[in-house]
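# Chains, contacts and geometry: an overview
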Amino acid sequence: MDVMWMIPLLLIPLLMWTSSTFVFYFKKCFYVAWMMFLALVAIPLCILKSGGRDIENMRIIRFLVRHVKYFLGLRFEVSGWEHLQTEGPYVIISNHQSSLDVLGLMEILPDRCTMIAKKELIYAGTVGLICWLGGIVFINRKKTSDAKSVMADAAKTMLDDQIRLWVFPEGTRNQRGDLLPFKKGAFHLAVQAQAPIIPVVFSSYSNFYLRKEKQFKSGTIRLNILPKIETKGMTSDDVSSLSDKSFNLMRSAFLDISDSVTQSNGPLRH
């Protein structure tokens, strides 16, 4: 019986060494399970600290999540830290490639900052509950009227409570090697609050992570924090041009840093 238990223990390192598909599923399952466990740990800590839903709980979540990158063999190189040294409310926008973005987000998350996320996330077990406790703003992407109402309330909350919000303007995960067209919600939010926008760009994950090909190696992610874009004096008429300006800046940065990462590490073989 003892020998039978030893077989899977011996098989795991062998498969980790010989099968890239096994590594992909092992890392994915570990990531999800570990994040759910960390959420389970964080829930009572947040309740004890703040008594319930509070943006200050993001400090606890940030502290607990920052080590996860080491288990997955990931490393972050951050440039432009000085652009986050901005007082008062602002809106952070970034490209969105996979659930791994959470690790980069926690790497640089400023104080009094939370996220805007899809409503479905609240049903994700312990992770959904800790997101709620962290003050994450949930929107129903299928109902435009609901999303606009939530954004208007979020703009008021930003000003009243002096908080920052992180938004993924592509609206969905995208690993196509380029940015998807931006949705306008984040820019309406910034204009309504008259708060600056700070673009954050993640380099492409394609040199270490390919979902369709079931590849998940160790790798480096470059995070480029761009200078803030002011919105003072802007109105809803300026939202489209503001969105276009932000998209062009971020797309240019994305292509530049993604190329440099690929040249440093080499492309991932399909």
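Scroll up to find the structure this text is about.
These notes cover the structure that comes with them. Computed from a predicted structure; not experimentally measured.

Applying the stated rule across the entire model yields ten salt bridges. One salt bridge connects E56 with R59, and the closest N-O pair in it is separated by 2.7 Å. Assessed through its relative accessible area of 18%, E56 is described here as buried. Looking at R59, the relative accessible area reads 38%, which means it is partly exposed.

With that settled, consider the nonpolar core. Judged by nonpolar contacts, the single largest core of 79 residues is most densely connected at L100, L103, W166 and L189. Broken down by element, the residue count for this core peaks at eight residues, all from helix 2 (residues 20-50). Those residues within four positions of L100 in sequence are excluded, and the remaining contacts are Y31, L72, Y205, F208, Y209 and F216.

The strand order across the open sheet formed by seven strands is 1-9-6-2-5-3-4, and the pairing between neighbours is mixed. Of all the strands in the sheet, just strand 1 (74-79) and strand 4 (137-139) have a single pairing partner and so form its edges. With direction set aside, neighbouring strand axes in the sheet form an average angle of 25°. Sheet topology places strand 3 (residues 113-118) next to strand 4; three bridges connect them, and they run parallel. Note that in strand 4 the partner of I116 across the bridge is V137.

Calculation notes
Counting restarts for each chain, with residues numbered from 1 along the sequence as it is written. In view of the model being predicted, local features appear only for residues whose pLDDT reaches at least 70, and side-chain atom pairs are presented and counted only at 80 or more, with totals across whole chains, interfaces and linings using the full set of residues. Heavy atoms from the whole structure form the basis of all side-chain values; hydrogens and water molecules are not counted. Salt bridge, as used here: a side-chain nitrogen of Lys or Arg that lies within 4 Å of a carboxyl oxygen of Asp or Glu. To sort residues, take the accessible area from a 1.4 Å probe on protein chains only and compare it with the maximum for the residue type: under 20% means buried, over 50% means exposed, and anything in between is partly exposed. For our purposes a nonpolar core is just a set of buried Ala, Val, Leu, Ile, Met, Phe, Trp, Tyr and Cys residues, chained together by side-chain atoms within 4.5 Å. Comment: elements are numbered from the N terminus, with helices defined as DSSP H or I runs of at least four residues and strands as E runs of at least two. Should any heavy atoms of two residues lie within 4.5 Å, those residues are considered in contact. Two strands qualify as a pair provided that DSSP identifies no fewer than 2 bridges between them. Helix axes use the C-alpha atoms of the stretch in contact, all axes being lines fitted to C-alpha atoms, and the angles between their N-to-C directions lie in the range 0 to 180 degrees.

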